[in-house]
Every structure is written in C-alpha cells, then in structure tokens.
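# Architecture at a glance
Listed below are the residues making up each chain.
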Amino acid sequence: MIRYVLFLSLILGLFTSCAPKRVNSTVKNYERTIDSVVKVIVLKPDTTRLIFDSIPESSAYTSNFGLRKPNYIIIHHTAQDSCAQTLRTFAKPESQVSAHYLICKDGTVYHLLNDYLRAWHAGAARWGTNRDINSSSIGIELDNNGRDSFPKVQIHSLLALLDTLSKEYQIPASNYLGHADVAPGRKFDPSALFPWRILADSGYGYWYPDTNRVIPDSLRVEPAIALKVIGYDVSNLPAAILSFRLHFLGSNKTGPLSPEEMNVLYAVMQQYL
Ligand SMILES: [Zn+2]
C-alpha cells in the first residue's frame, strides 16, 4: 500500500512539475526577447553612423515621437490540428514563427504579442514595393487545417477583432490581405474556403461589383499588369494568378485566366486605381 501511495505521488509530482516548467520557460524566453528589443529602443541617435568628411559630428534630440503603427493585416490559416498545437509551436524559440493573434474554431481569441512588435508570420513576402511585410503588419492566424471551412463563430470573432484593429490603427481597406497574396507560390493560406467577401462587405479588403459591367478598353491590360497594379508580386505569374484566384474567386485552379475571370481581375483592379 505504501509503495502504491509513493508511486502515485511520484506520478502526480511529475504531472504538476511539467506544466509550470513549460509556462515558466515560455515567459522567460519572452522576457529575454523583450529585453533585447528594449535595449535597441532606448538607444539615442548614433551620430557615428553618419559619415560626412567635412562636417563636424553633432547631436540633437527631439521629444516629438511615438511608436510606428501597423498598416496591414495579414490573415493566415495555421495548417495545424488545434489551437493548443499552434500555441505550443509559437512558444518554442526554435520554431522561429509567431503571430499577433490566434483565433480558435470556437471563437476564442488569443492575443500573443503586442501589436507594435514585429511578429514573424509573413516571412519572405512582398506587396507592391513593400518587401518587409512583417515590419508593417499584424498577423492573424485562424486555427484551420487548410481543408475544412471556417466556422461562423470563428469569422464572427475575426470581424470583431478587425473592428477593433481598424479603429486603433486606421488600416486602409486595401490592406487586409492573405498570406498567399503577399507570398505567391510559397504560401497558399488562407485557403479558397476563406470568406473574403464577408470581410470586404464590412470594409476589410476590396471586392468587385457586378462583373457584367462593360470594361473600358483602356483597362484591358495584360493580366500581369493588372495583378501588379493590385499589389501582387508577378515575378512568377502563374503563382500570382493562383493567389488572385484563392482570394477573389474562391478557387485553387491553375492555368491561365478565363474571359470571365479576367473580368473579375479588371473589376478588382479598378478598386485599386
Ligand atoms: Zn501563413
């Protein structure tokens, strides 16, 4: 009996000691990273970086400043099986990935990182001439394996979050994008099942009106030009076309655009002119 009690307490001890240790190491890792960021922020302007041969070095300060604000929202699906799995991934320093928000299938929203800090969610990405999307964006991950549709309650939470963020940072309607939009050929999230139209109807992102409208000849440009006007990196045109289809046509078809799809492309392009 005594042996059984000892065994039981050993097992219980193991369980109770494992969980807090993981949380503690996550907090410690977080604090270590914050310390390194703070060390950079408190540095005063370094005049030794300015190299002008004939001009004497000088220092002057201003107190008129604030924090830079995010200007884009990038939406992802996690391609993982649960929120718990994603939380574990983001807590591991070796994963080298993170996002500001994670929204679970039941609508729970996790705020993982201060919006003013640079999360590592977009990777090598480009929109227009902006080649450092992580520096100017908030990353929102939706718990989704890439095959299932997005539950209503999850989208409801996303819309509520976007309502807050759009007011806080005055993010332009054009700047609500998917990971696939900014990394064509490399990323394909959120999937074709993501309801971009519902977002656009609330003012987050653009949509297109009736595509039966006659498109002026002057706007009938090459697809590569139309995609570039919107913001896509067209260095790999088939990849850019696929990203466009994922976002605006709810399709993951490959191949050239059909005449009907071209009409959608021109209609979307007009929103960006
Ligand atoms: Zn992504």
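Residues numbered from 1 in each chain as written. Predicted model: local features only at pLDDT ≥ 70, side-chain atom pairs only at ≥ 80, totals over all residues. Heavy atoms only, no water.

### Some thoughts on the packing of aromatic side chains
According to the stated counting rule, one finds 10 aromatic pairs in the structure shown. Look at Tyr-206 and Tyr-272: their rings are 4.9 Å apart centre to centre, the planes differ by 85°, and that puts the pair in the edge-to-face class. Taken together, the residues Tyr-206 in the loop between helix H6 (196-201) and helix H7 (223-230) and Tyr-272 in helix H9 (residues 259-272) connect sequence positions 66 residues apart. On the basis of relative accessible area, Tyr-206 is assigned to the partly exposed category, the value being 24%. For Tyr-272, a relative accessible area of 19% translates into the label buried. With a centroid separation of 4.8 Å and an interplanar angle of 20°, the aromatic rings of Trp-207 and Tyr-208 are classed as stacked. An aromatic cluster is defined as three or more aromatic residues linked by ring pairs; in this entry it consists of Trp-127, Trp-207, Tyr-208, Tyr-232, Phe-244 and Phe-248. (Phe/Tyr/Trp six-rings, centres within 6.5 Å; stacked < 30°, edge-to-face > 60°. Helix = DSSP H or I, 4+ residues; strand = E, 2+ residues; numbered from the N terminus. Buried < 20%, exposed > 50% of the residue type's maximum accessible area, 1.4 Å probe, protein only.)

### Quick look at the packing of H7 against H9
It is at 9 Å that the axes of H7 and H9 come closest, and there the two elements cross at 35°. The element H7 and its partner H9 pack so that their crossing is left-handed. Counting all contacts with H7, which are made through Pro-223, Ala-226, Leu-227, Val-229 and Ile-230, the residues of H9 involved are Met-262, Leu-265, Val-268, Met-269 and Tyr-272. A class-by-class count of the residues in the contact of H7 with H9 yields 10 nonpolar, no polar and no charged. (Axes fitted to C-alpha atoms, helices over the stretch in contact; angles between N-to-C directions. Left-handed = near helix turned anticlockwise from the far one by under 90°. Contact = heavy atoms within 4.5 Å. Nonpolar A, V, L, I, M, F, W, Y, C, P; charged D, E, K, R; others polar.)

### Side note on the side chain of His-77
Mapped onto the fold, His-77 is located in strand E1 (residues 72-77). Looking at His-77, its side chain comes within polar contact range of the main-chain nitrogen of Ser-191, at 3.2 Å. Ignoring sequence-local partners within four residues, the contact set of His-77 consists of Glu-141, Leu-142, Asn-144, Gly-146, Phe-150, Phe-188, Asp-189, Pro-190 and Ser-191. (Polar contact = N/O pair within 3.5 Å; in protein donor to acceptor, adjacent residues only side chain to side chain.)

### Some points on the coordination of the zinc ion
Protein-derived coordination of the zinc ion comes from His-76 (ND1), His-179 (ND1) and Asp-189 (OD), at a distance range of 2.1 to 2.2 Å. Positions of the donor residues of the zinc ion, expressed as sequence spacing, correspond to H-x102-H-x9-D. One end of the pair, His-76, is in strand E1; the other, His-179, is in helix H5 (residues 179-182), with 103 residues separating them in the sequence. Classification of His-76 as buried rests on a relative accessible area of 1%. Given a relative accessible area of 4%, His-179 falls into the buried group. (Donors = N, O, S within 2.8 Å, 3.2 Å for Na, K, Ca; no water.)

### Focus: the pattern of salt bridges
One pass over the structure, following the stated rule, counts five salt bridges. Between Lys-105 and Asp-143 there is a salt bridge; the shortest N-O distance is 3.1 Å. Of this pair, Lys-105 sits in the loop between strand E2 (101-103) and strand E3 (109-111) while Asp-143 sits in the loop between strand E4 (137-142) and helix H4 (152-169), placing them 38 residues apart in sequence. Accessibility expressed as a relative area gives 32% for Lys-105, which makes it partly exposed. The class of Asp-143 is buried, set by a relative accessible area of 3%. For Asp-163, the salt bridge goes to Lys-167, with nearest N and O atoms at 3.0 Å. A residue pair is termed a helical-turn pair when its members lie 3 or 4 positions apart in one helix, as Asp-163 and Lys-167 do in helix H4 at four residues. (Salt bridge = Lys/Arg side-chain N within 4 Å of Asp/Glu carboxyl O.)

### Regarding the pairing of E1
Both faces of the sheet carry side chains from a regular strand, because those side chains alternate between them. For E1, a buried count of six out of six residues is recorded, marking the element as mostly surrounded by other parts of the structure. Along E1, one buried face is formed by Tyr-72, Ile-74 and His-76 and the opposite face, lined by Ile-73, Ile-75 and His-77, is buried too. Relative to E4, E1 runs parallel, the two being bridged by six bridges. Bridging across to E4, Ile-74 finds its partner in Gly-139. (Pairing = 2+ DSSP bridges.)

### Details of the packing of H7 against helix H8 (residues 237-248)
The interhelical angle for the contact between H7 and H8, taken along N-to-C directions, is 60°, at an axis separation of 11 Å. Between H7 and H8, the angle is such that the two are oblique. The crossing of H7 and H8 is left-handed. Residues Ala-224, Leu-227 and Ile-230 of H7 touch H8, and the partners they reach there are Leu-237, Ala-240, Ile-241 and Phe-244. Taken together, the residues of the contact of H7 with H8 break down into seven nonpolar, no polar and no charged. (Parallel < 35°, antiparallel > 145°, perpendicular 65-115°, else oblique.)

### Focus on H9
The end-to-end C-alpha separation of H9 is 20 Å, in line with the 20 Å expected for 14 residues at 1.5 Å each. Where burial is concerned, most of H9 is hidden: 10 out of the 14 residues are buried. Next to the buried residues of H9 lie strand E5 (176-178), H7 and H8. (Expected span 1.5 Å × (residues − 1).)

### As for the state of the cysteines
With the rule as written, the count across this model stands at one disulfide. At a sulfur-sulfur separation of 2.1 Å, the disulfide partner of Cys-83 is Cys-104. Given an S-S torsion of about -115°, the disulfide between Cys-83 and Cys-104 has left-handed geometry. Of the two residues, Cys-83 is situated in helix H2 (residues 83-91) and Cys-104 in the loop between E2 and E3; the sequence distance between them amounts to 21 residues. (Disulfide = S-S within 2.5 Å.)

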